[in-house]
Structure formats: C-alpha cells, structure tokens
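What follows is each chain in one-letter form.
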Amino acid sequence: MQKIRKAVIPAAGFGTRFLPATKAMPKEMLPIVDKPTIQYIVEEILASGIDEIIIVSGHAKRAIEDHFDSSPELEQHLYESGKMEMLREIRKIADIKVFYVRQKHMNGLGDAINCVRDFIDEEPFGVILGDDVVYTGNGEPALRQLMDQYEKTGGTVIGCQTVRPEQVSSYGIIDGSKTDDPNLLRVADMIEKPSIEEAPSNFAALGRYVITPDVFDILDQTKPGKGGEIQLTDALRVMAKNEAVYAYNFNGKRYDTGNKLGFLKATVEFALRREDLGADFKAYLKDVVSKF
C-alpha cells in the first residue's frame, strides 16, 4: 500500500457568496480572527503528516501565492522592530512547501482534481476543500483520521459526519452498508440532497477525501453534470460500483466558511478559544447580545 504524501486544496472558485469582498480577494484568504481560512486547512494537512501540498487556483488568486511566499521587506521590518515572535510565524508560513496549478475554466470540482493528475503521479492523495475548516482541538486532524481508514481498508475514503434527519436534504448522503466499525460505511451510492424519506443514511459527505489514483481515468470519462460542471461526486459513484469506496464519520467541529453564517460561526468560536482574546470577547458578546 502506497503512503499518502500529497494533498490537494481546490481553491479556484469565484466566491460569489461573499461579494463584494471577494471581487479582489480570494474567499480562501478571508481571515478567521487573524489567520486566512486556507492557512487553517494547510496546517491540518501538515499536522496529518503530509508535506507536499498543491493548491488549484484560478483567476485573481495571486494573494494565496503571496501569503505562502517569503516577504523580505516585512521580515526585515519585524526584525528591526523587535517583533521576533511574529517574525518566526511569518517565516514558518513561508517555509511550507506549496505548489500551484491553474484551473483555467470553472468546470467543477471534478475538473479541478483532474488538473493535478501529473502532480499526483499515480499515488493516493488527500483532498480538503478550500472553504471547509474542521476544529479537533488536541485530537487527531480530520484528514489524518481518513488516512488511518485508508491504511486499514486500502480504498478511497469520503469524509462524512452524521446529521439530523431534518438536515439530510442539505447534503450529499451516503448509501452504503455497515462494516465492523460503526463510523465506517462501504459506499454503494451517493444521493444528492434527498428528502427524509429518501435518505438511505444520515452520513453526509463533508469536504474531505482520501482518493486512489483510479479516479483520474474515471474523471476523463465523466460527463458534465449539475450546473454543466464535472462533479467529483459522479466519479466517486462510478468508483463505488467498481471497487471499494468507504465513508468515514470523522471527529471534529466542522465549519462551512463558504457561506456567511458558517464563516461568522467560525470567527466567533475560534476567537472564543483564544487565550489572548477569549475572556474579553465572551464578555463583549454577552454585553452586545443583551442590546439586540
């Protein structure tokens, strides 16, 4: 079994739900407190034991590349100002090994994954969507949890969490059979946003994957689906009919920062967890809520 050494972050979308803020700034660079969203994702990948990261970018995404690049003038300014802790943080970011590929046309998540085929070079790989943040505290990173399942099963693993029955109509839901692990299903199919009556389970697919390289040949044959785009879900459904594909209910608090409410929840809760901000911010929230 090949070790997972590489991870992909699809980050080419327009971010229209955050316009006008994202007209000139990638949505992945919107800060949760004082750190861009995409940095939380990169840190999860590194904490999972992967050090080769490729970001699928698009038009007007140069700010992402600049963020993970060195900044000599800023570093010199921090050094001369005696801000050594901040300097170490900036240099740490610049030392991360990040590669980039451009998705020239917004043809869907499946097409974004297909853009990295040469980089992956017939190896299994991880995927985290660029606006999907998971907090696990001192626990194992969400992507690492999926990697552990891959090492046990040898198959593609879709990151999921269980949702309440009234929530199934908002997600892609796994149709699968039970395994010895109650948190692991063998995938037979995936159903997009079913009704409560139609839902085959309460396992909802949530923005994290470990995928075998077999997916690329399938993506080459995948026709555009919803919205005229090539959907990764369609390729995974085909894979599930031909080989073992699993869905794993990972631990962690997941935030969909691609929508405004999810972004606000992430900002508030990450701030409350901070030793330097939490107590004062909590007091402020109590005060301000009482006035609305």
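This text follows the structure it describes.
Residues numbered from 1 in each chain as written. Predicted model: local features only at pLDDT ≥ 70, side-chain atom pairs only at ≥ 80, totals over all residues. Heavy atoms only, no water.

**Quick word on the overall build of the protein**
Our working rule: Helix and strand labels come from DSSP, where a helix needs a run of H or I of at least four residues and a strand needs a run of E of at least two; each type is numbered from the N terminus. The classification of residues rests on relative accessible area computed with a 1.4 Å probe and restricted to protein chains. Under 20% of the type maximum is buried, over 50% is exposed, and intermediate values are partly exposed. In what follows, a contact means two residues having at least one pair of non-hydrogen atoms within 4.5 Å. Note on areas: Shrake-Rupley, 1.4 Å probe, and residue coverage restricted to the protein chains presented here. Charge convention: Lys and Arg are scored as positive, Asp and Glu as negative, and His as well as the terminal groups of each chain are ignored. In plain terms, the charge of a residue is placed at NZ if it is Lys, CZ if Arg, CG if Asp and CD if Glu.
Regarding its fold elements, the protein presents eleven helices and 13 strands. Here the C-alpha coordinates of the protein stretch approximately 60 × 50 × 35 Å along the principal axes. Counting only residues that meet the buried cut, the protein has 46% of its 292 residues in that class. Put simply, 75% of the contacts in the protein that link residues at least 6 apart link residues at least 24 apart. Accessible area for the protein stands at about 15200 Å²; split by element, carbon and sulfur atoms hold 50% of it. Counting 37 positive and 45 negative side-chain charges, the protein places the averaged centre of each group 4 Å from the other.

**Digging into the packing of helix α10 (residues 260–272) against helix α11 (residues 278–289)**
A pair of packed helices can be characterised by two numbers: the angle between their axes and the separation between those axes. Quick note on the threshold: In this analysis, axes come from line fits to C-alpha atoms, helices being fitted only over the stretch in contact, and the angle between any two N-to-C directions falls in the range 0 to 180 degrees. The cut-offs work like this: below 35 degrees is roughly parallel, past 145 is roughly antiparallel, 65 to 115 is roughly perpendicular, and the gaps in between are oblique. In the scheme used here, Gly and all other residues not listed as nonpolar or charged are polar, with Ala, Val, Leu, Ile, Met, Phe, Trp, Tyr, Cys and Pro taken as nonpolar and Asp, Glu, Lys and Arg as charged.
Here α10 crosses α11 at 130 degrees, and the two axes come no closer than 7 Å. On the basis of their axis angle, the class for α10 and α11 is oblique. In this structure, α10 uses Val268, Ala271 and Leu272 to contact α11, whose residues at the interface are Gly278, Phe281, Lys282 and Leu285. For the contact of α10 with α11, the class distribution of residues is five nonpolar, one polar and one charged.

**Some words on the packing of helix α3 (residues 72–80) against helix α4 (residues 84–94)**
Threshold: Two helices crossing with the near one rotated counterclockwise from the far one by less than a right angle form a left-handed crossing, whereas a clockwise rotation gives a right-handed crossing.
Two elements in contact, α3 and α4, have axes whose closest approach is 8 Å; the angle formed by their N-to-C orientations is 160 degrees. One finds that α3 runs roughly antiparallel with respect to α4. Along this stretch, α3 crosses α4, giving a crossing that reads as left-handed. Counting all contacts with α3, which are made through Leu74, Glu75, Leu78 and Tyr79, the residues of α4 involved are Met84, Met86, Leu87, Ile90 and Arg91. Looking at the contact of α3 with α4, its residues break down into seven nonpolar, no polar and two charged.

**Here we look at helix α7 (residues 142–153)**
Formally: By this rule, a helix spans an expected 1.5 Å times one less than how many residues it contains.
A rise of 1.5 Å per residue sets the reference length of α7, with its twelve residues, at 16 Å; its end C-alpha atoms lie 17 Å apart and thus fit the reference within 8%. Where α7 is concerned, the buried positions are Ala142, Leu143, Arg144, Gln145, Leu146, Met147, Gln149 and Tyr150. Just downstream of α7, Gly154 is the residue with a positive phi angle, here 80 degrees.

**Considerations on the nonpolar core**
The condition is simple: The term nonpolar core refers to a set of buried residues drawn from Ala, Val, Leu, Ile, Met, Phe, Trp, Tyr and Cys, joined through side-chain atoms within 4.5 Å.
Judged by nonpolar contacts, the single largest core of 40 residues is most densely connected at Ile9, Ile38, Ile45, Ile55, Phe68 and Val210. Contributing elements (two or more residues each) for this core: β1 (6–10), α1 (37–47), β4 (52–57), β7 (132–135), α7, β11 (203–211), β12 (245–249) and α10. The residues touching Ile55, leaving out its near neighbours within four places in the chain, are Ile9, Ala11, Ile38, Ile64, Phe68, Val98, Phe99, Tyr100 and Val101. In terms of nonpolar packing, the next biggest core, distinct from the first, is built from 32 residues, Phe125, Ile158, Val245 and Ala247 among them.

**Points about the pattern of salt bridges**
Note the cut-off: When a carboxyl oxygen of Asp or Glu is within 4 Å of a side-chain nitrogen of Lys or Arg, the pair counts as a salt bridge.
Tallied over the entire structure, the rule returns 22 salt bridges. Of the charged contacts in the structure, one is a salt bridge between Lys61 and Glu28, with a shortest N-O distance of 2.9 Å. Of the two residues, Lys61 sits in the loop between β4 and α2 (62–67) while Glu28 sits in the loop between β1 and β2 (31–32), which places them 33 residues apart along the sequence. According to the relative accessible area criterion, Lys61 is buried, its value standing at 4%. Residue Arg208 pairs with Asp132 through a salt bridge whose shortest N-O separation is 2.8 Å. You can see Arg208 sitting in strand β11 and its partner Asp132 sitting in strand β7, a full 76 residues away along the chain. Residues Arg208 and Asp132 agree in their burial class; the two are buried. Linked by salt bridges that have partners in common, Arg5, Lys6, Glu52 and Glu123 make up one network.

**Description of unusual backbone geometry**
In this structure, the amide linkage connecting Leu19 to the following residue, Pro20, adopts the cis form with an omega of 5 degrees. Examined against the element boundaries, Pro20 turns out to sit in the loop between β1 and β2. Of note, the phi angle at Asp121 is positive, near 55 degrees, even though the residue is not glycine. Among the structural elements, Asp121 can be located in the loop between α6 (117–120) and β6 (125–128). Even without glycine at this site, Lys193 takes up a positive phi of about 50 degrees. Within the element layout of this structure, Lys193 appears in the loop between β10 (184–192) and β11.

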